[in-house]
Amino acid sequence: MQTPNELGFYFPAEFAPQRALWLSWPHKEASWPGKLNTIYNSYCEFILQIADHQKVCINVTDEVIKLFALTQIKSCIYAQKLINLDYLLSQITFFIHPTNDAWCRDHGPAFLLNHNSNEKAIVDWDYNAWGDKYPPYDLDDVIPTLIGKELGLPVFNPGIVMEGGSVEFNGKGTILTSKACLLNQNRNPHLNQAQIEKYLFDYYGVNHILWVNDGIIGDDTDGHIDDISRFVNEDTVVTVIEENKNEDNYSILQENLNLLSKMRLENGKQLNLIELPMPNPVIYEDQILPASYANFYISNKKVIVPTFRDDKNDTKALDILQNTFQTRNVIGIDSTDIIWGLGSFHCLSQQEPEVVFGK
């Protein structure tokens, strides 16, 4: 069987045109112990910020949760005094796809486009909840194939573990990722780096891979790249830095910055680097949480950025990102409760690209 790469498929950059945002409605109390009900205001605001200009597709476990989700979304519309209720609701589609958890970036479909046609496809990577940390995950593992059936799209099954939050794309052939995650023995212990790279080439349609080492403190994914460094266009990476030398993240992020400064793209060009601050440490129940402004979601018209009730750094990060994304509106949404689940808006979401023939 030919690989997606051989058939002309590739994974588009997040800043490329999108058809829809995909989510899996949060319902697992153990992911936000004692705080699940507090996340819905920010979560629904995220949905509505996107629904005003593109489709939003939400996996829900059953009709009861669908009704609950719809009630929460309507309450948010009323609270924000939005006048376009009917339009916003028409932009949102629910799918009865039972899930174990909410982290659609990692268990959701990896959508591919074809260089030579208007075809779209899905890669259904294996999923083991970040190294078997949070079983069960059997429902999450089949979500991409369920969505493929729903949309009538071909589905490729590589047969190895891979998470969407572990890879960043520039859309021109380069992937940025981390060794701490992709080479971790709790994912694919039977594969070495060269073999994993071959899977990336074959199933994401890329030809160039850039490796950093570690992720930030508190990240239970073993170092997902979407908490530290993000492509914002074909040759520019926004990367977080810690200014306080006494924080554990300082040396990790300095090393990351140093590595990025030496990297070259698929065309030999040096990366343009934009430094983004880290928030002051977010600590809950004596646990340092992986709060990062890099966990933003790029939609067609907006960039949704997690904020952490840190006026100085929130403002600085939003200003930097607004200057970076000059054709999009940068919107900060409070993620202080959401981050207790050890992820934020990018971790919760997955984009479905728009077919743009010839692009």
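Here, every reference points to the structure presented above.
Residues numbered from 1 in each chain as written. Predicted model: local features only at pLDDT ≥ 70, side-chain atom pairs only at ≥ 80, totals over all residues. Heavy atoms only, no water.

## Looking at the overall build of the protein
Next up, step 1: The helix and strand inventory of the protein stands at twelve helices and 19 strands.
Next up, step 2: For a compact globule of 359 residues, the expected C-alpha radius of gyration is about 21 Å, and the protein comes in at 19 Å, within 12% of that figure.
Next up, step 3: Taken across its 359 residues, the protein has 58% of its residues classed as buried.
Next up, step 4: A separation of at least 24 residues holds for 77% of the contacts in the protein among residues at least 6 apart in sequence.
Next up, step 5: Total accessible area on the protein stands at roughly 14400 Å², and carbon and sulfur atoms take up 49% of it.
Next up, step 6: Separation between the mean location of the 27 positive side-chain charges and that of the 47 negative ones in the protein comes to 6 Å. (Helix = DSSP H or I, 4+ residues; strand = E, 2+ residues; numbered from the N terminus. Rg over C-alpha atoms; globule rule 2.2 N^0.38 Å. Buried < 20%, exposed > 50% of the residue type's maximum accessible area, 1.4 Å probe, protein only. Contact = heavy atoms within 4.5 Å. Areas by Shrake-Rupley, 256 points an atom, 1.4 Å probe, with all protein chains shown as cover. Lys, Arg positive; Asp, Glu negative; His and termini not counted. Charge placed at Lys NZ, Arg CZ, Asp CG, Glu CD.)

## Let's talk about the nonpolar core
Next up, step 1: If you look at the biggest cluster of nonpolar residues, it comprises 75 residues, and the most contacted ones within it are Trp25, Phe46, Ile47, Val56, Ile58, Ile73 and Leu176.
Next up, step 2: Looking at this core element by element, the count peaks at eight residues for helix 1 (residues 40-51).
Next up, step 3: Filtering out sequence-adjacent residues up to four positions away, Ile73 remains in contact with Trp25, Cys44, Ile47, Leu48, Ile58, Leu89, Ile92 and Phe94.
Next up, step 4: Within the second largest apolar cluster, 23 residues are counted, among which are Phe11, Val123, Trp125 and Met162. (Core = buried A, V, L, I, M, F, W, Y, C linked by side-chain atoms within 4.5 Å.)

## A short note on the sheet that holds strand 16 (residues 297-298)
Next up, step 1: Spatial strand order, 16-17-18: three strands in an open sheet with mixed pairing. The open sheet has two free edges, formed respectively by strand 16 and strand 18 (329-334), since each of these has just one partner strand.
Next up, step 2: The pairing of strand 16 with strand 17 (residues 302-307) spans two bridges and is classified as antiparallel. Pairing of Ile298 across the sheet is with Val303, part of strand 17.
Next up, step 3: Helix 1 rests against strand 16, strand 17 and strand 18 of the sheet, and its axis sits at about 165 degrees to strand 18. (Pairing = 2+ DSSP bridges. Axes fitted to C-alpha atoms, helices over the stretch in contact; angles between N-to-C directions.)

## What to know about the packing of helix 1 against helix 2 (residues 63-79)
Next up, step 1: Two numbers describe how helix 1 lies on helix 2: the axes approach to 9 Å, and their chain directions differ by 80 degrees. The angle between helix 1 and helix 2 places the two elements in the roughly perpendicular class. Contacts between helix 1 and helix 2 involve Tyr40, Asn41, Cys44, Glu45, Ile47 and Leu48 from the former and Phe68, Gln72, Ile73, Cys76 and Ile77 from the latter.
Next up, step 2: The residue inventory of the contact of helix 1 with helix 2, partitioned by class, reads eight nonpolar, two polar and one charged. (Parallel < 35°, antiparallel > 145°, perpendicular 65-115°, else oblique. Nonpolar A, V, L, I, M, F, W, Y, C, P; charged D, E, K, R; others polar.)

## A few points about the environment of Val356
Next up, step 1: One can find Val356 in the segment after strand 19 (349-353).
Next up, step 2: On the basis of relative accessibility, which here comes to 28%, the residue Val356 falls in the partly exposed class.
Next up, step 3: Taking the C-alpha atoms as reference points, Val356 and Phe111, 245 residues apart in sequence, are found 14 Å from one another.

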